[in-house]
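Here is what each chain is made of, one letter per residue.
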2 protein chains.
Amino acid sequence: MKAEILCVGTELLLGDTVNTNAAYIARGLARAGVAVYHQSVVGDNPRRLREELERALKGSDLVITTGGLGPTYDDLTKETVAELFGKKLVLNEECLQKIRSFFERIGREMTKNNEKQAMMPEGAIVLDNPNGTAPGLIVEGKGKAVILLPGPPREMAAMFESRVMPYLSNQSDKTLVSRNIHVFGMGESKVESILREKMEKAENPTIAPYAKDGEMLLRVTASAKSAEEARALTQPVVKELCEILGDAVYGVDVADLQHALVEELLKKGRKVATAESCTGGLVGKRITEVAGASGVFDCGVCSYANAIKEKLLGVRHETLEQFGAVSPQTAAEMAKGVRRISGADIGVSTTGIAGPQGGTPEKPVGLVYIGIDSDVMTTVVETRLSRGYPEEREMIRYLASSRALHLALQAARMF
Amino acid sequence: MKAEILCVGTELLLGDTVNTNAAYIARGLARAGVAVYHQSVVGDNPRRLREELERALKGSDLVITTGGLGPTYDDLTKETVAELFGKKLVLNEECLQKIRSFFERIGREMTKNNEKQAMMPEGAIVLDNPNGTAPGLIVEGKGKAVILLPGPPREMAAMFESRVMPYLSNQSDKTLVSRNIHVFGMGESKVESILREKMEKAENPTIAPYAKDGEMLLRVTASAKSAEEARALTQPVVKELCEILGDAVYGVDVADLQHALVEELLKKGRKVATAESCTGGLVGKRITEVAGASGVFDCGVCSYANAIKEKLLGVRHETLEQFGAVSPQTAAEMAKGVRRISGADIGVSTTGIAGPQGGTPEKPVGLVYIGIDSDVMTTVVETRLSRGYPEEREMIRYLASSRALHLALQAARMF
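These numbers come from a predicted model, not from an experiment.

**Student:** What is the right way to read the overall build of chain A from this model?
**Tutor:** Across its full length, chain A holds 14 helices and 17 strands. Along the first, second and third principal axes, the C-alpha set of chain A runs to 80 × 55 × 40 Å. For chain A, the proportion of its 415 residues judged to be buried stands at 50%. Once local pairs closer than 6 in sequence are excluded, the contacts in chain A between residues at least 24 apart make up 65%.

Written as structure tokens, this is what we have:
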């Protein structure tokens, strides 16, 4: 099956909103085995929308749109698609009822123009929207289909997972199952050089590498008549890849480093505490992104100044004098200190130079020390995270926080 | 002038990379007064790229592309554009020299295929790339122009600002100047209802509202023969809007809340300290995003557990027992506590329920208390940030952190 993605919205065209929907849908279609050759964005302009839809339907079996399903006069995606397929719009009572109860639930008044959202092309499949007022829909005709999804990413994503993915898998007699192998601390080119031959030869399952923000994801995707069968096909490949990559694999089918860490700590009944300098709270922020983090995280200290490193964390004045704040010695004492004051099982610290100012030849921008302190693992790791680009402060901080989370995960696994 | 944006890259088509470039360029074009009617994405496929370019050049004067300028065999944007304009590719010695010195600077070996990046269509304007190896270029012909920019966002953005914006303003006898009025704590519909008539009547300068993540931006854009003249035209309008919106305006032409806060504290020679519960370090993380934050921020405590609130911040056991961790009393004692231990001039605290679990009828998900303590302003603000959506944990945390930054800014202004 060939598909196009067509996002509608003047806010996208003007760049006031970044188009995360297109990427989300593209990833979903890839999982479903649907090929995407083209993405486009048009404004809230019915003529251009119609031209673009006609062009897209010429070359593709399926067009997925986002946006233009709202209650206002310039939301016209549904009307344009109905016209294109020669279908009348009729009031859908069930939709209307759901929109009404949504407004009751959030305690706001439903206005007359919200009723427009319950008008549906004849024969359309309606897709509930538990997260908003605009239902989605699927319109089929002439051997083609258009799936219309709402613009707000939260609403779109929930609808895509609950309704569009099952619809797509019903269109095919194959079911795809993807497994995600998360790799940290091994560069993309290293992973590729180890696995290139295997990746090129792989057919079912396929193996695809994705690099992002200092991490690497290997996606193993199998196709079979049932999900069980497809999953069974992935099993030996996932096992083999994990063996080849060894410690560099931090998880299979986990969400990210912070989820892997929180899950591991919950499993082991252990707690972590953070002492941050250059990351300024980012490590704690990422840990507490995970719902339920309060079971494993009591305390973080952001000791940006030396005085606070001494006073709150008990870093020795002599250590700071002799080695400086950015040093393995300070990182070690910070990790030890936050563990002591919090009573956590693992203390993790960061101290480094995020830039753009503050670097010296001996301690350049990007130099970060990560400390770990626990009963079974005490270490400091030196990392150099600068690539020499301007405006890399946030990247350095993010990569440092990832490294800290990864080390904490390794420490948690040793219990 | 009419323009299209065409982004090239299989990683965009498959959704492995979110297309932030299109939004960035679209915003820049809007600033330059260039209308954008269409954005599209194609993979690294020369035939489709050529079709898309031909289609785009039919309706537009200018096409800006990103991606496909790299050294590998599937990077073909430059070759395709040269062919389309009937221009030969010739080696540009100056480019070659610059690519060589880039590799020397980052200490990596230059491979043979990097030389391909120095091949340029005859007569093209070459755009230096201080952040990478692929130069950009502008190819003109047949009364149209194509601007080719590299794919990596950092490289693209730097080149866009330093070379593309001046090129665009040379194409026109008008200069545009935009001023940004940042509004916090007043909803989009409230702002629109106050200003609708003014916005509709405004011609030069225009007034456009943008809502994002709980904030509101009003952009005032004037067009004139010179930047000075355009800026002068914005002046009375900016002043009037600031008067109408009063305290809701937190800054004009500032980057964001955290930059406004750090700048205000630097100006006043004051410091802030954070005591975070539900935001888990996000407030500190946002403050330390600002380069130079170390001048105004020494200390943050993330007291996720009650024991840490007592031990590190000195919140009284009775307060936690009687009112609970999520209470105005606890928020007040947290702010006071972190100010005391850090010696900062302003203490700011957050305590609330980010969800999805942990809500009760009395203290529902989304209830957050923000505390402020300083010599001139001590207060606790109650906010209710849930909209009843699933998966809103990060949104609640982000909005709470914005509210905390905004209150801290108000406190800083009172010194």
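Read on for the rest.
**Student:** Would you take a moment to explain the sheet that holds strand 7 (residues 136-141) of chain B for this structure?
**Tutor:** The pairing of strands in a sheet comes from backbone hydrogen bonds and takes either a parallel or an antiparallel form. Ordered in space as 6(A)-7(A)-8(A)-3(A)-1(A)-2(A)-2(B)-1(B)-3(B)-8(B)-7(B)-6(B), the 12 strands form an open sheet in which the pairing is mixed. Edge positions in the sheet fall to strand 6 (125-127) of chain A together with strand 6 (125-127) of chain B, since each has one partner strand and no second. With direction set aside, neighbouring strand axes in the sheet form an average angle of 15°. With seven bridges joining them, strand 1 (residues 2-8) of chain B and strand 2 (residues 35-42) of chain B adopt parallel strand pairing.

**Student:** Just checking my understanding: could you explain the nonpolar core for this structure?
**Tutor:** Buried together is how nonpolar side chains tend to be arranged in soluble globular proteins. Counting residues in hydrophobic clusters, the biggest one holds 136 residues, and the most contacted among them are Leu-261 and Ala-408 of chain A together with Leu-261 and Ala-408 of chain B. Beyond its immediate chain neighbours, meaning those up to four positions away, Ala-408 of chain A contacts Leu-261, Val-272, Ile-346, Val-348 and Ile-372 of chain A. Val-41 and Val-177 of chain A together with Ala-145 and Leu-176 of chain B belong to the second-largest nonpolar core, a separate cluster that totals 110 residues.

**Student:** How should the sheet that holds strand 13 (residues 272-276) of chain B be read in this particular structure?
**Tutor:** Strand order in this open sheet of 10 strands is 17(A)-16(A)-15(A)-13(A)-14(A)-14(B)-13(B)-15(B)-16(B)-17(B), and the pairing throughout is mixed. The open sheet has two edge strands with one neighbour each: strand 17 (378-384) of chain A together with strand 17 (378-384) of chain B. Averaged over all neighbouring strand pairs, the angle between strand axes comes to 10°, with direction disregarded. Sheet topology note: the strand 13 of chain B/strand 15 (residues 346-352) of chain B ladder contains five bridges and is parallel. Paired with Val-272 of chain B across the strands is Ile-346 of chain B, a residue of strand 15 of chain B. The sheet contacts of helix 11 (residues 306-313) of chain A involve strand 13 (272-276) and strand 14 (297-303) of chain A together with strand 14 (297-303) of chain B, and relative to strand 14 of chain A the element is tilted by about 145°.

**Student:** Hey, could you run me through the domain arrangement of chain A in this one?
**Tutor:** One frequent convention defines the size of an interface as the accessible area lost when the parts assemble. Residue and element names in this part refer to chain A. In terms of domain boundaries, chain A breaks down into domain 1 (2-170), domain 2 (175-252) and domain 3 (257-413). For domain 1 and domain 2, the distance between their C-alpha centroids amounts to 33 Å. Tallied by class, residues from the side of domain 1 that touches domain 2 come to one nonpolar, two polar and one charged.

**Student:** Help me understand helix 5 (residues 93-106) of chain B, please; the structure alone is not making it clear to me.
**Tutor:** Because each turn of an α-helix spans 3.6 residues, side chains separated by three or four positions in sequence point in the same direction. Compared with the 20 Å implied by 1.5 Å per residue over 14 residues, the 20 Å span of helix 5 of chain B between its first and last C-alpha is a close match. Backbone geometry just after helix 5 of chain B places Gly-107 of chain B at a positive phi near 70°.

**Student:** Just to check I follow, could you spell out the relation of the copies chain A and chain B for this structure?
**Tutor:** Comparison of the two chain copies shows a relationship of rotation about an axis with a shift along it. You can overlay chain A on chain B at an RMSD of 0.2 Å; the transform is a turn of 180° with a shift of 0.1 Å along its axis. These values place the two chain copies in the arrangement generated by a two-fold rotation axis. The overlap is high: 100% of the interface residues of chain A also sit at the interface in chain B, so the same surface is used on both sides.

**Student:** Looking at this structure, I do not really get the confidence of the model for chain A. What am I missing?
**Tutor:** Close inspection of predicted coordinates is inappropriate for parts of the model with low pLDDT. Of the residues in chain A, 100% reach a pLDDT of 70 or more, and the chain-wide mean stands at 92. Both confidence scores are given for the complex: pTM 0.86, ipTM 0.85.

**Student:** For this particular structure, what's the right way to read the interface of chain A and chain B?
**Tutor:** Listed per partner, the contact involves 61 residues of chain A and 62 residues of chain B. Elements with a contribution of two residues or more to the side of chain A that touches chain B: helix 2 (20-31), strand 2 (35-42), helix 5 (93-106), helix 10 (282-287), strand 14, helix 11, helix 13 (328-342) and helix 14 (393-413) of chain A. As paired elements, strand 14 of chain A and strand 14 of chain B share five bridges and run antiparallel to each other. Note that in strand 14 of chain B the partner of Cys-299 of chain A across the bridge is Ser-303 of chain B.

**Student:** Sorry, what's going on with the environment of Val-237 of chain B here?
**Tutor:** Residue and element names in this part refer to chain B. With respect to the helices and strands, the residue Val-237 is situated in helix 8 (residues 227-245). By C-beta crowding, Val-237 is classed as buried, having 21 other C-beta atoms within 10 Å. Distance in space between the C-alpha atoms of Val-237 and Thr-221 is 9.9 Å, their sequence separation being 16 residues. Excluding its chain neighbours within four sequence positions, the residues that come into contact with Val-237 are Pro-205, Ile-207 and Val-220.

**Student:** Explain helix 2 (residues 20-31) of chain B here, please?
**Tutor:** Taking 1.5 Å per residue, 12 residues should reach 16 Å; helix 2 of chain B reaches 17 Å between its end C-alpha atoms and fits that length. By the burial criterion, the buried members of helix 2 of chain B are Asn-21, Ala-22, Ala-23, Tyr-24, Ile-25, Ala-26, Leu-29 and Ala-30 of chain B. Next to the buried residues of helix 2 of chain B lie helix 1 (10-13) of chain A together with strand 1, strand 2, strand 3 (62-66) and helix 6 (153-170) of chain B. The positive-phi residue at the C-terminal boundary of helix 2 of chain B is Gly-33 of chain B, with phi of around 75°.

**Student:** I would appreciate a short explanation of unusual backbone geometry in the present structure.
**Tutor:** Glycine aside, a negative phi is what most residues show, and trans is what most peptide bonds show. Omega for the peptide link from Asn-204 of chain A to Pro-205 of chain A comes to 5°, which places this bond in the cis form. In this fold, Pro-205 of chain A is placed in the loop between helix 7 (188-201) and strand 10 (206-212). Even without glycine at this site, Lys-142 of chain A takes up a positive phi of about 55°. Examined against the element boundaries, Lys-142 of chain A turns out to sit in the loop between strand 7 (136-141) and strand 8 (144-149). The phi dihedral of Asp-253 of chain B is positive, around 60°, even though this residue is not glycine. Here Asp-253 of chain B shows up in the loop between strand 12 (249-252) and helix 9 (257-268).

**Student:** Would you take a moment to explain the environment of Arg-100 of chain A for this structure?
**Tutor:** Residues and elements named next belong to chain A. In this fold, Arg-100 is placed in helix 5. Owing to 15 C-beta atoms within 10 Å, Arg-100 belongs among the partly exposed residues under this scheme. In this structure the C-alpha to C-alpha distance between Arg-100 and Ala-30, which are 70 residues apart in sequence, comes to 36 Å.

**Student:** Just checking my understanding: could you explain the packing of helix 3 (residues 46-59) of chain A against helix 4 (residues 77-84) of chain A for this structure?
**Tutor:** All names here are of chain A. Two elements in contact, helix 3 and helix 4, have axes whose closest approach is 10 Å; the angle formed by their N-to-C orientations is 50°. Between helix 3 and helix 4, the crossing angle belongs to the class labelled oblique. As helix 3 runs across helix 4, the sense of the crossing is right-handed. Of helix 4, the residues touching helix 3 (which contributes Pro-46, Leu-49, Arg-50, Leu-53 and Glu-54) are Thr-77, Thr-80, Val-81 and Leu-84. For the contact of helix 3 with helix 4, a count of residues per class yields five nonpolar, two polar and two charged.

**Student:** Would you take a moment to explain the pairing of strand 10 (residues 206-212) of chain B for this structure?
**Tutor:** The side chains of a regular strand alternate, first on one face of the sheet and then on the other. Residues and elements named next belong to chain B. Relative to strand 11 (residues 215-224), strand 10 runs antiparallel, the two sharing seven bridges. Considered in strand 11, the bridge of Ala-208 is made with Arg-219. Counting the residues in the hairpin turn of strand 10 and strand 11 gives two residues, including Asp-213, whose phi is positive at 50°.

So, how was this worked out
- Residues numbered from 1 in each chain as written.
- Chains lettered and ligands numbered in written order.
- Predicted model: local features only at pLDDT ≥ 70, side-chain atom pairs only at ≥ 80, totals over all residues.
- Helix = DSSP H or I, 4+ residues; strand = E, 2+ residues; numbered from the N terminus.
- Buried ≥ 20, exposed ≤ 12 C-beta atoms within 10 Å, placed from the backbone.
- Contact = placed C-beta atoms within 7 Å.
- Pairing = 2+ DSSP bridges.
- Axes fitted to C-alpha atoms, helices over the stretch in contact; angles between N-to-C directions.
- Core = buried A, V, L, I, M, F, W, Y, C linked by C-beta atoms within 7 Å.
- Domains from an automatic or database assignment.
- Nonpolar A, V, L, I, M, F, W, Y, C, P; charged D, E, K, R; others polar.
- Expected span 1.5 Å × (residues − 1).
- Least-squares fit on C-alpha atoms with pLDDT ≥ 70 in both.
- pLDDT = per-residue confidence, 0-100.
- Parallel < 35°, antiparallel > 145°, perpendicular 65-115°, else oblique.
- Left-handed = near helix turned anticlockwise from the far one by under 90°.

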